[in-house]
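Analysis of the macromolecular model
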Amino acid sequence: MNPPLRKLTAVVLLMFLTLMAAASYIQFFRAPELNADSRNVRTLYREYGTDRGPIVVAGKPIAGSESVDDPYKFLRTYADGPLYAPITGYFSVVFNAMTALERQQNSVLGGSDDSLLSQRISDLITGKQPSGGGVELTINPAAQKAAWDTLGNRRGAVVAIEPETGRILALVSRPSFDPNLLASHKKATAQDAWKELNADERKPLLNRAIGGDLYAPGSSFKIITAAAMLENGATPDGKVAAPDHYTPNGTSVAISNPGEERCGDGSGQVPLRQAFLQSCNTTFAKAGHDLGYEKMNTIADALGFGKSLSIPLQVRPSRFPQPQDLAALAQDSIGQRDIQVSPLQMAMVAAAVANKGVLMKPYLVESTMTSDLATISTTSPSEYSRPFSAQTASALREMMIDVVNKGTGGRAALKSVQVAGKTGTAEIKAGVEPHSWFVGFDATDHPKVAVAAFVENGGDGGYNAGPIAAAVIGAVTK
Amino acid sequence: MSVVTAKTTRKGRGTELFLLILALFAVLMAWVLVHVGVNGGAGASHILPNNFALVSGAAAVVVLVLHFGVRFLAPWADPLILPIAVLLNGLGLVMIHRIDFALVARGGKAELTGQMLLTAVGAVLMLATLALLRDHRKLRRYTYLSLIAGMILLLLPMVPGIGVTINGANLWIRVAGFSFQPAELAKIFLAVFFAGYLVAQRDNLSLAGKKFLGLQLPRLRHILPLMIGWLACMGFLAMEKDFGMALLFFGLFVAMLYVATERVSWLAIGGLLTAGGIWVIVQLASHVRARFNVWLHAMDPALYDAQGGSFQIVNGWFGMASGGLFGTGWGRGYPTLVYASNSDFIISSFGEELGLTGLLVILCLYLLFVARAFNAGLHLNDGFGKLLATGLGFVIALQVFVVVGGVTRVIPLTGLALPFLALGGSSLLTNWMIAGLLLRMSDAARRPFTPSSTPLSSISTGQLPSELREDDTADSAARATEPGTSDDDDQNTQLTEVVRL
């Protein structure tokens, strides 16, 4: 009976080899496909159940993970949730979704990034629970808080940039939301919060700072028009046309100055400096019209209009489209009609002026770290463009100082530091309050902060947005 | 039959003790890892479970009792069988304990205590088997009694009042609060019957009859009793709707028939009967038909969501896939997302938390266990023992194949327990008894031959080739020690060998 028994041994061996092959097939060869299957809730648990790394501002975590006793094992929590929600976004298990930095930096925060490979290997060997890396932001908490507080319950956004580097010091959008509610593992809590936020007509989920919606910049756009004029031969003290009314060719609609006021002494000719501090519409509408779209657009384009930008949040490109005619170009040149901007774009404009014509690429992530908070990589500042010359920048700076000291921007003035800026009051349509803007910086030898403050339907720009910008500049320069 | 002249002179008890300590250590470490894994690994002061000293002490005592029991009752037994059984059973307990955490968290009942109790009972049963059965050949006297006992066991679930239907299969009985799956125990009785019957009938079955297409067909009257036995088994099982058990018994039957007769024709006939049997059962039982459908189209979304669809099996794969090569680690996966994660699907729980490597180790342990059973069969001198050891080894191998093959979609899924690992008392007790029987038989196989002074058997072996001569002496020696087991069948066997030569 031994020969058949030996053959039977071979049969048993074959049976076991079949099982081993089948197990290998499932656990190795087909594993990626099975793990990617939407029906495999483990993938969710694992992706959403890692000890996700913190998002850090000035050494303090604004987003972190705490250990909880459910299948996901870790709950994402946000300190000062609404204040930082436009930056952090939320990490939701219930909706299988993540937004903003939680999404853009997911590979680092979740621990799957290549830069964390050595950490993963050491975790594997030491048997440590794998955990995600940290992300340190460029945000200055004082500036963020100042922007948040002065904006108050109004709808709007504030973006502050360090001109020499492009580091984003503040990025606020109001109204905001509490990401803790959306990150909750309780289905009812998360869904109720979601329904409420979506039904809210104030649109709290909209990130106004980086172009969730774009807005007309109004007179604050005149910085760009003035830059184009200066680049093309004008000087601050050179005379420019400043009629009371200006009707571009091809239209019968006259452009008048704010409040139907006269510009300068009423002679129809004023120094550019005067037109700027008084924010004369006729001067800049006519100048843009006369310069033509190409010259205007060259500068706007260099400043970032029409280009997508990743900070690494995705910034919606501001619009300066080819106008349909010269009349449209005239209106565009005073920041109306087709011009649509994000507050971040306007902060970049201020930063380019402050940094003597060199625009640095704005960024939010200072560095990425391992789970032990050892730095892996640091973002180095990089030049974005040189939209205009240092000379032009210097002239713009002087004119913007005048705006604060003698013009429409008086409410942005600070005792501690000279502020330079430009107000904007963007008319939208009759019966609706205009958008308020203030775009400026601290006019020191090495400006520390360029800021764009925006209040949606806030009314007069200088009056409403000016103090917000001043508070932010004060918080940074203090 | 092969001849073993130079038998091993090492009893192997030292090896066994060493391996038992290793197995115990592995199981206790696995327990500690579960404790750390489930509790998130926080707090170095709580690395050891609270009752660690008590439980590990008790486990050590049980293992030592088993070891010394074997040392006294079967000193020449194979040193691998017991450590493998202890390791598998221990790992099973650790996984059941690990899954208890999840069950209790969702308001369920912990299963560990019951299974530990059954493990202890199983260990006692193993020792009792060794103590009561000093010579496995005694079992041959109960050939037909075993058939009857096996039949009764298979019939029990159909008795009104004690039979219980669970998940569409009528497999369980419940007596005094305990549920039991009698078919598990029937495995042993039927293996004994097959071994006894086949060793007596092997010549008739292998030699008599016409040749057809190069295959030796048996005579009807020789095959009839077996066919009736088989048909009865299959019939009962079809009525109880248990495809896995039917496959198990029939596979056991064909394998033993093949080993007994050395005739490939039986494999062909067996294959045809399997195909026919499966076809009939698929026709009769919608429950089995559904499983075939699931087997063929598991990933189909419609079937995945369907009642009784592929949800269970596909989730088992999800678990295994998420374990990957090295697994999530003890206590760190989500095995309880899988249905019956501590019983029918326990292998996918291991696949998830220990990875492919862990799963392959477990399969290798089973393979080694079966190989030791076959090894005992190879070295035993009596035909009955050879067949019984083969049958018991094969039934374990086939059960592992049916269960793991079901989970990994090699064959349609059936509800059988993975030997030693899975939650379930009937299976655990039966497998410990099988371990006892295998220890007994390996003891006989490895015991050195001591020449006896008893007279030679009636057949003069002087003219036979030396190979057969020694075989015969072994038999006569056995007969001398056990006068009651003198039988004609083994003599027939030897005559057969002569004819075949």
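Residues numbered from 1 in each chain as written. Chains lettered and ligands numbered in written order. Predicted model: local features only at pLDDT ≥ 70, side-chain atom pairs only at ≥ 80, totals over all residues. Heavy atoms only, no water.

As a reminder, the rule being used: UniProt positions are given in the numbering used here, feature names are shortened, and annotations may be inferred rather than shown by experiment.
Chain B is annotated in an unreviewed UniProt entry as Cell division protein FtsW (Lipid II flippase) from Arcanobacterium wilhelmae. In UniProt, chain B has this text filed under Subcellular location (unreviewed entry): "Membrane".

The name recorded for chain A in an unreviewed UniProt entry is Peptidoglycan glycosyltransferase, from Arcanobacterium wilhelmae.

Here we look at the overall build of chain B
Heads up, the condition is: Here a helix means four or more residues in a row that DSSP labels H or I, a strand means two or more in a row labelled E, and each is numbered from the N terminus. Here the term buried applies to any residue with accessible area under 20% of the maximum for its type, exposed to any over 50%, and partly exposed to those in between, with areas from a 1.4 Å probe on protein chains only. Note on definitions: a residue-residue contact is assigned when non-hydrogen atoms from the two residues lie within 4.5 Å. Only the protein chains shown count as cover for residues, with accessible areas throughout obtained via the Shrake-Rupley method and a probe of 1.4 Å.
Along chain B, the regular secondary structure elements total 17 helices and five strands. Burial status across chain B gives 56% buried among its 501 residues. Sequence separation of at least 24 residues holds for 73% of the intrachain contacts in chain B that already meet a minimum separation of 6. Of the accessible surface of chain B, which amounts to about 20,200 Å², a share of 68% is contributed by carbon and sulfur atoms.

Section: the overall build of chain A
Secondary structure summary: chain A contains 19 helices and 21 strands in total. Scored against the burial criterion, the 478 residues of chain A give a buried share of 56%. Residue pairs in contact within chain A that sit at least 24 positions apart in sequence constitute 68% of those at least 6 positions apart. When the accessible surface of chain A is summed, it comes to about 19,000 Å², and 52% of that surface belongs to carbon and sulfur atoms.

What to know about the packing of helix α1 (residues 2–29) of chain A against helix α8 (residues 243–261) of chain B
Each pair of packed helices gets described by two things: the angle between the helix axes and the distance between those axes. Let me state the cut-off plainly: Fitted lines through C-alpha atoms serve as axes, helices being fitted only where they are in contact, and the angles separating the N-to-C directions of these axes extend from 0 to 180 degrees. Residues are grouped as follows: nonpolar covers Ala, Val, Leu, Ile, Met, Phe, Trp, Tyr, Cys and Pro; charged covers Asp, Glu, Lys and Arg; every other residue, Gly included, is treated as polar.
At a minimum axis separation of 7 Å, α1 of chain A and α8 of chain B run at an interaxial angle of 145°. Counting all contacts with α1 of chain A, which are made through Pro4, Leu5, Lys7 and Leu8 of chain A, the residues of α8 of chain B involved are Ala255, Tyr258 and Val259 of chain B. The residue inventory of the contact of α1 of chain A with α8 of chain B, partitioned by class, reads six nonpolar, no polar and one charged.

Some thoughts on the environment of Gly407 of chain A
Residue and element names in this part refer to chain A. Along the chain, Gly407 turns up in the loop between α17 (390–406) and β19 (419–426). Judged by its relative accessible area of 26%, Gly407 is partly exposed. In this structure the C-alpha to C-alpha distance between Gly407 and Phe276, which are 131 residues apart in sequence, comes to 8.6 Å. When residues no more than four places from it in sequence are discounted, the contact partners of Gly407 are Leu277 and Asp402.

Remarks on the confidence of the model for chain B
Residues and elements named next belong to chain B. In plain terms, the rule: How sure the predictor is of each residue is captured by pLDDT, a score from 0 to 100.
Summarising the model, chain B shows a mean pLDDT of 81, and 79% of its residues fall at 70 or more. Within chain B, helix α17 (residues 488–500) has the poorest average pLDDT of any element, 40, and helix α13 (residues 346–379) the best, 95. Here residues 469–501 is a poorly scored stretch, pLDDT under 50, and it has 57 contacts once near neighbours within four places are set aside; other chains count.

Things to note about the nonpolar core
Inclusion rule: The definition of a nonpolar core used throughout is a set of buried Ala, Val, Leu, Ile, Met, Phe, Trp, Tyr and Cys residues joined through side-chain atoms within 4.5 Å.
Ranked by internal contacts, the top residues of the largest apolar core, which has 155 residues, are Met126, Leu418 and Trp432 of chain B. Discounting residues that sit within four places of it in the chain, Trp432 of chain B has contacts with Leu66, Leu82, Ala85, Val86, Asn89, Thr119, Gly122, Ala123, Met126 and Phe420 of chain B. By size, the runner-up hydrophobic cluster in this structure holds 129 residues, among which are Tyr84, Ala242, Ala287 and Phe388 of chain A.

Structural notes on the sheet that holds strand β8 (residues 168–174) of chain A
All names here are of chain A. As a reminder of what qualifies: Pairs of strands are assigned from DSSP output, requiring at least two bridges between the strands.
Across the sheet, five strands lie side by side as β8-β7-β21-β20-β19; this open sheet has antiparallel pairing. Looking at the sheet topology across the chains shown, the edges are occupied by β8 and β19. Between one strand axis and the next, the sheet turns by 5° as a mean value, whatever way the strands run. Pairing of strand β20 (residues 435–442) with strand β21 (residues 450–455), which is carried by six bridges, proceeds in the antiparallel orientation. Of the residues in β21, the one forming a bridge with Val439 is Ala452.

What to know about the interface of chain B and chain A
As a reminder of what qualifies: Buried area is understood as the total, over both parts, of accessible area removed when two parts are fitted together, assessed with a 1.4 Å probe. By salt bridge we mean one thing: a side-chain nitrogen of Lys or Arg within 4 Å of a carboxyl oxygen of Asp or Glu. Within 3.5 Å is the distance limit for a polar contact, defined as a pair of N or O atoms, with the added protein rule that one can donate a hydrogen and the other accept it, and that residues adjacent in sequence qualify only through two side-chain atoms.
In this assembly, 58 residues from chain B lie in contact with 37 residues from chain A. Summed over both sides, the interface between chain B and chain A buries roughly 4,200 Å², with carbon and sulfur atoms accounting for 71% of that surface. Seen at the junction of chain B and chain A, the total is one salt bridge. Here Glu352 of chain B ties to Arg42 of chain A by a salt bridge, and the two come within 2.9 Å at their closest N and O atoms. Along the contact surface separating chain B from chain A lie 10 residue pairs in polar contact (both at pLDDT 80 or more). A class-by-class count of the residues in the side of chain B that touches chain A yields 36 nonpolar, 15 polar and seven charged.

Focus on the sheet that holds strand β3 (residues 74–78) of chain A
Residue and element names in this part refer to chain A. Taken together, six strands build an open sheet; the order of strands is β3-β2-β1-β6-β16-β17 and the sheet is mixed. Both outer strands of the open sheet, β3 and β17 (375–378), are each paired with one neighbouring strand and no more. Sheet twist, expressed as the average angle between the axes of neighbouring strands with direction ignored, equals 25°.

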